[in-house]
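# Notes for the structure review
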Amino acid sequence: MEHVISGVAKFQKEVYPAKKERFAKLANGQNPEVLFITCADSRIDPNLVTQTEPGELFICRNAGNVVPPHSSQTGGMTASIEFAVAALGVSHIVVCGHTDCGAMKGAIEPEKLEGLPHVKEWLGHCRSATEVVRGRRGCLSKDHLQEVTCENVVQQLQHLRTHPAVANGLANGRIELHGWLYNIASGEVLYYHEQSGGFKAMDEEYRATFGVRSMEEVEE
C-alpha cells in the first residue's frame, strides 16, 4: 500500500501540474468516444494498452468482461452501458478479453467455484461461450481456455446488441462494436474479424477502417 500512497503524492506533485489544462477541461464534464468493457484483472490497464488520456475512455470492468443481456432488472453494467450510449453518446464500444483469464477458467470448471457463489452465478453469463466450444470440440477442458476466452468476447458482443440504447445506435449507424483480445505475455491485441469469424492481429486493414495511419507513417 505504501507505493500506492506514494504514487498519489507523485501524481499531485508531478503528473497533475503537467496536465493541468486537460484536467481543468475535464473538471466541467466528459466527452469520451469509446466505452471500453474489460476484465477487472489487475494485469489489464486500458489506458496503458490504448495509450489514451483521462477522459478518452469510459471504462467498465468486471470479472470476465461480462455484459449481461438486457432485462428489466437494473444492474451496474446495464446502467453504465445505457449512460455511456444514451447520455454520453459514445460511438464505439470495445469488449476486451485477455489471456490467462481467471474468470474463464472458472466458467470452464464451475465445480471449483462452490465457495464463491456470487462469482459462479455471475459467470453464468459466459455459459453460451463454454457451450459453443463444448459443442465444437465435443468436450470442454482447461486446454480450451484461449478458445473460450475468444468465444466469450463474441458472445458478450451479442449480449450488447440486446440493450435498447445500443440496438438503437447500431440500427442508426451511430455505434460500432469491437471485440478485442489482449495477450498479456506478448502485448499483442487481436480483433474479432466478423467476416471470417476469427481473431486477427491489428493489421493495416483494421487501422485504415478507422482512418488510422500506418505504422510506417507513425514512425516517420
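Here we summarise the structure given alongside this text. (Residues numbered from 1 in each chain as written. Predicted model: local features only at pLDDT ≥ 70, side-chain atom pairs only at ≥ 80, totals over all residues. Heavy atoms only, no water.)

Looking now at a nonpolar patch on the surface. Judged by side-chain polarity, Met1, Val4 and Ile5 come together as a nonpolar surface patch covering roughly 330 Å² of accessible area. With respect to the element layout, isoleucine 5 can be found in helix H1 (residues 2-18). Under the relative-accessibility criterion, isoleucine 5 is labelled exposed at 54%. (Patch = residues over 30% accessible without salt bridge, like charges linked within 9 Å, V, L, I, M, F, W, Y side chains within 5 Å. Areas by Shrake-Rupley, 256 points an atom, 1.4 Å probe, with all protein chains shown as cover. Salt bridge = Lys/Arg side-chain N within 4 Å of Asp/Glu carboxyl O. Helix = DSSP H or I, 4+ residues; strand = E, 2+ residues; numbered from the N terminus. Buried < 20%, exposed > 50% of the residue type's maximum accessible area, 1.4 Å probe, protein only.)

Moving on to the side chain of threonine 99. Among the secondary structure elements, threonine 99 is positioned in the loop between strand E3 (92-98) and helix H5 (102-108). For threonine 99, the side chain forms a polar contact with the main-chain nitrogen of isoleucine 184, separated by 3.0 Å. (Polar contact = N/O pair within 3.5 Å; in protein donor to acceptor, adjacent residues only side chain to side chain.)

Here we come to the packing of aromatic side chains. Here a ring pair, both rings aromatic, is described through the centre-centre distance and the interplanar angle of the planes. All chains considered together, the criterion is met by seven aromatic pairs. Ring centres of phenylalanine 58 and phenylalanine 83 lie 6.0 Å apart, and the angle between their planes is 45°; this geometry places the pair in the tilted category. Pair noted here: phenylalanine 58 is in strand E2 (residues 57-62) and phenylalanine 83 is in helix H4 (residues 76-87), with a separation of 25 residues, a long-range link. Through a chain of ring-to-ring contacts, three or more aromatic side chains come together here, namely Phe11, Tyr16 and Phe23. (Phe/Tyr/Trp six-rings, centres within 6.5 Å; stacked < 30°, edge-to-face > 60°.)

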